[in-house]
Amino acid sequence: MTEQHRHAEVTARALAIAPTELFVDGAWRPAADGATLDIANPATGAVLATIASAGPDDARAALDAAASARDDWARTPARTRSELLRAAFERVHELGEEFAALMTLEMGKPLTDARAEVTYGAEFLRWYAEEAVRINGRYAASPEGNLRLLTVRRPVGPCLFITPWNFPLAMATRKIAPALAAGCTVVLKPAALTPLTSLALARVLEAVGVPAGVVNVVPTASAGAVTDPLLADRRLRKLSFTGSTAVGRSLLRTSADNVLRTSMELGGCAPFIVFEDADLDLAVENAVRTKMRNIGQACNAANSFHVQRGVVEAFTDRLTERLGSLPIGNGLDVGVEVGPLVSEDARADVDTLVRDAVAAGARVATGGAVPEGPGSFYPPTVLADVPADAAILGREIFGPVAPVTSFDTEEEVLARANASEVGLAGYLHTGDMARVLRFAERLEVGLLGVNSPAISNAAAPFGGVKHSGLGREGGPEGIEEYLETVYVGLTDPFA
Ligand code: NAP
């Protein structure tokens, strides 16, 4: 079989699991005004599918459905909700290769990254299947002894989810699974660039028996026009958003009028810090992984590399060698480790950041130039000798570019890292346990990786501080975002 035939076969199988219509109230339907949206493959520029593009009327119908399903779903026994989530976990794994190929096709990531996302994304369904049956209130006596304090946990109600394009499966399951476990109903608006995976997930949830109206999916080419009316609707009780800090801020302002509960998973700018006492081989390997996962397009990707002066040259040389030799190509091809960026615009943004850094005095050690040919590819790039005040160190790069700079003291690097407006992830490489604890207490981030490249886990709380967001996803903390606490005061039964 030629490579071309293999691609065609894999593509056909992947597209077969992704419906092309809106999913509203348990039915697949076109947009009310007939609008459509083309979904392109960033590796080739070819259109993969044409799907329905929701308008405000479709979004309202989706919220109507979520509002009508709300009470029945909230009263559905936790064991039933749990088993539906567990069945969805099994089904996503059965379709794992199709889901992986679908993400590679619509987003560009190599199949190895896409398979890892299937595992990670599905795990939220399993983890929250397990958490659904452990939602508990409490009973206590008041300190004065005159009251009994009962707390009852209730689902917050219908939720709107807005997700980005970089992790099409995991960003959806990280919200849908805890919401369904808690007894909430959902309207999901996926990113316009990558809606096919969300539609495929909706089909899985439908197939395993999640009732009509509990999950509704409305991809659209006009995000604000679809979500604004929902945010103003009194029936909506929660917004959970993952995306850029700029859009998050604007959605927070809009949500204020309706006093919505909000969870905000926003941008990051993770410092990757290497001390002279670190295992340098491990630090380089972890640098490759934290930089290159998803071709650098991850909110928790290592963004800037701060290396203590005594090892900066050795670190830069080894990183240059590793990144300069990674195979680039169509993510469907075996052995490819670097796919295209998600779009031409994304590539242009990355290229501009690199040019600005070079103008500020950085030296290109490898990469740094837009290649010829189709697809929005950008080569893995190492920028050496980056001045400590260069703009690229403080901006979210969202591409395969590693700017390396040096530092002398712990205080200096901490102050530099904490100067950032955002604080999602940080990575620390050191052999000194006391230093680890000092960073855990002082580095202003929500996630700290210590001598470790991959820290995301469905059982752990993911989220940022400062302008990286509000709330946590994953772990026992993740379900709290979907629960209200009601206090019932009872008189002393012995009075
Ligand atoms: P984005 O431009 O903010 O878009 C995110 C989502 O918001 C998309 O669905 C987008 O729809 C929608 N959107 C855009 N403008 C909107 C508006 N005015 N009203 C309602 N919805 C609107 O971000 P992105 O480029 O997709 O994703 C990259 C960003 O996400 C990065 O900053 C990254 O750090 C962040 N991120 C954070 C986390 C985390 O957990 N903290 C995880 C992943 C990504 P369209 O697709 O139609 O534009």
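Bear in mind that the values here come from a model prediction, so they are computed numbers and not experimental data.

**What about the side chain of Ser 263?**
Moving on, step 1. Residue position: Ser 263 is located in strand β11 (residues 261–265).
Moving on, step 2. Residue Ser 263 is classed as buried on the basis of its relative accessible area of 2%.
Moving on, step 3. Once you skip the residues sitting within four places of it in the chain, Ser 263 turns out to touch Lys 238, Leu 239, Ser 240, Phe 241, Leu 470 and Glu 481.

**Re unusual backbone geometry**
Moving on, step 1. A positive phi angle, close to 45°, is found at Val 259, a residue other than glycine.
Moving on, step 2. Position of Val 259 relative to the elements: it lies in the loop between α9 (245–257) and β11.
Moving on, step 3. Residue class for Val 259 comes out exposed when judged on its relative accessible area of 64%.
Moving on, step 4. The phi dihedral of Phe 398 is positive, around 55°, even though this residue is not glycine.

**Digging into the UniProt feature "domain: Aldehyde dehydrogenase" (unreviewed entry) in the protein chain**
Moving on, step 1. Sequence positions flagged by UniProt for "domain: Aldehyde dehydrogenase" (unreviewed entry) are, in local numbering, residues 28–486.
Moving on, step 2. Each end of residues 28–486 is marked by a C-alpha atom, and these two atoms are 37 Å apart; helix forms 40% of the span and strand 20%.

**A look at the sheet that holds strand β19 (residues 447–450)**
Moving on, step 1. Strands sit in the order β14-β15-β16-β13-β12-β18-β19 across an open sheet of seven strands; the sheet is mixed. Each having just a single partner strand, β14 (363–366) and β19 make up the two edges of the open sheet. With direction set aside, neighbouring strand axes in the sheet form an average angle of 25°.
Moving on, step 2. Taken together, the three bridges between strand β12 (residues 270–274) and strand β18 (residues 425–429) define a ladder with parallel strand orientation. What sits directly across from Ile 273, in β18, is Leu 428.
Moving on, step 3. Contacting β12, β13 (302–308), β14, β15 (381–384) and β16 (401–407), helix α11 (residues 312–324) crosses the sheet at an angle of about 175° to β16.

**A word on helix α7 (residues 196–208)**
Moving on, step 1. With 13 residues, α7 ought to run about 18 Å at 1.5 Å a step, and its terminal C-alpha atoms sit 19 Å apart, in line with that.
Moving on, step 2. Taken together, the buried positions of α7 are occupied by Leu 196, Thr 197, Ser 198, Leu 199, Ala 200, Leu 201, Ala 202, Val 204 and Leu 205.
Moving on, step 3. Gly 209 lies just past α7 and shows a positive phi near 110°.

**A look at the sheet that holds strand β22 (residues 483–491)**
Moving on, step 1. Read across the open sheet, the three strands follow the order β5-β6-β22; overall the sheet is antiparallel. Where the open sheet ends on each side, the last strands, each with one partner, are β5 (138–141) and β22. Each adjacent strand pair in this sheet contributes to an overall mean axis angle of 20°, direction not counted.
Moving on, step 2. In terms of strand pairing, strand β6 (residues 147–155) meets β22 through nine bridges, oriented antiparallel. Within β22, the residue paired with Arg 154 across the bridge is Glu 484.

**A short note on helix α14 (residues 433–442)**
Moving on, step 1. All buried positions along α14 are accounted for by Arg 435, Val 436 and Phe 439. Projection of α14 onto a plane perpendicular to its axis shows the buried side chains occupying an angular sector of 105°, all on one side. Across α14 from its buried face, at more than 90 degrees, point the exposed residues Met 433, Ala 440 and Glu 441.
Moving on, step 2. Those residues of α14 hidden inside the fold are in contact with β12, α13 (410–418), β18 and β19.
Moving on, step 3. Near the N-terminus of α14, the side chain that reaches the backbone nitrogen of Ala 434, with its oxygen 2.9 Å away, is that of Asp 432.

**So, the domain arrangement of the protein chain**
Moving on, step 1. As assigned here, the protein chain comprises domain 1 (3–266 + 470–485) and domain 2 (270–457).
Moving on, step 2. Distance from the C-alpha centre of domain 1 to the C-alpha centre of domain 2: 30 Å.
Moving on, step 3. Contacts between the two partners involve 27 residues from domain 1 and, on the opposite side, 30 residues from domain 2.
Moving on, step 4. Here domain 1 and domain 2 share an interface that buries about 2,200 Å² over both sides, 59% of which is from carbon and sulfur atoms.
Moving on, step 5. It is Ala 43, Pro 110 and Trp 165 in domain 1 that bury the most area against domain 2; as a group they hold 20% of the surface buried on that side.
Moving on, step 6. Close ionic contact of Arg 249 with Glu 421 constitutes a salt bridge, the shortest N to O distance being 3.5 Å.
Moving on, step 7. Linking domain 1 with domain 2 are nine residue pairs in polar contact (both at pLDDT 80 or more), by the criterion used here.

**Section: the pattern of salt bridges**
Moving on, step 1. Applying the stated rule across the entire model yields 33 salt bridges.
Moving on, step 2. Between Arg 309 and Asp 408 there is a salt bridge; the shortest N-O distance is 2.8 Å. Placement of Arg 309 in the loop between β13 and α11 and of Asp 408 in the loop between β16 and α13 is noted, with a sequence separation of 99 residues between them.
Moving on, step 3. The exposure class assigned to Arg 309 is partly exposed, which follows from its relative accessible area of 45%.
Moving on, step 4. Two residues, Arg 355 and Asp 351, come together in a salt bridge whose shortest N-O distance is 2.9 Å. Of this pair, Arg 355 and Asp 351 are both found in helix α12 (residues 344–359), four residues apart, which corresponds to roughly one turn of the helix.
Moving on, step 5. In this structure, a network of salt bridges that share partners links the residues Arg 174, Lys 175, Glu 265 and Glu 473.

What counts and what doesn't
- Residues numbered from 1 in each chain as written.
- Predicted model: local features only at pLDDT ≥ 70, side-chain atom pairs only at ≥ 80, totals over all residues.
- Heavy atoms only, no water.
- Helix = DSSP H or I, 4+ residues; strand = E, 2+ residues; numbered from the N terminus.
- Buried < 20%, exposed > 50% of the residue type's maximum accessible area, 1.4 Å probe, protein only.
- Contact = heavy atoms within 4.5 Å.
- UniProt positions renumbered as here; feature names shortened; annotations may be inferred.
- Pairing = 2+ DSSP bridges.
- Axes fitted to C-alpha atoms, helices over the stretch in contact; angles between N-to-C directions.
- Expected span 1.5 Å × (residues − 1).
- Arc of directions from axis to C-beta.
- Polar contact = N/O pair within 3.5 Å; in protein donor to acceptor, adjacent residues only side chain to side chain.
- Domains from an automatic or database assignment.
- Buried area = accessible area lost by both parts, 1.4 Å probe.
- Salt bridge = Lys/Arg side-chain N within 4 Å of Asp/Glu carboxyl O.

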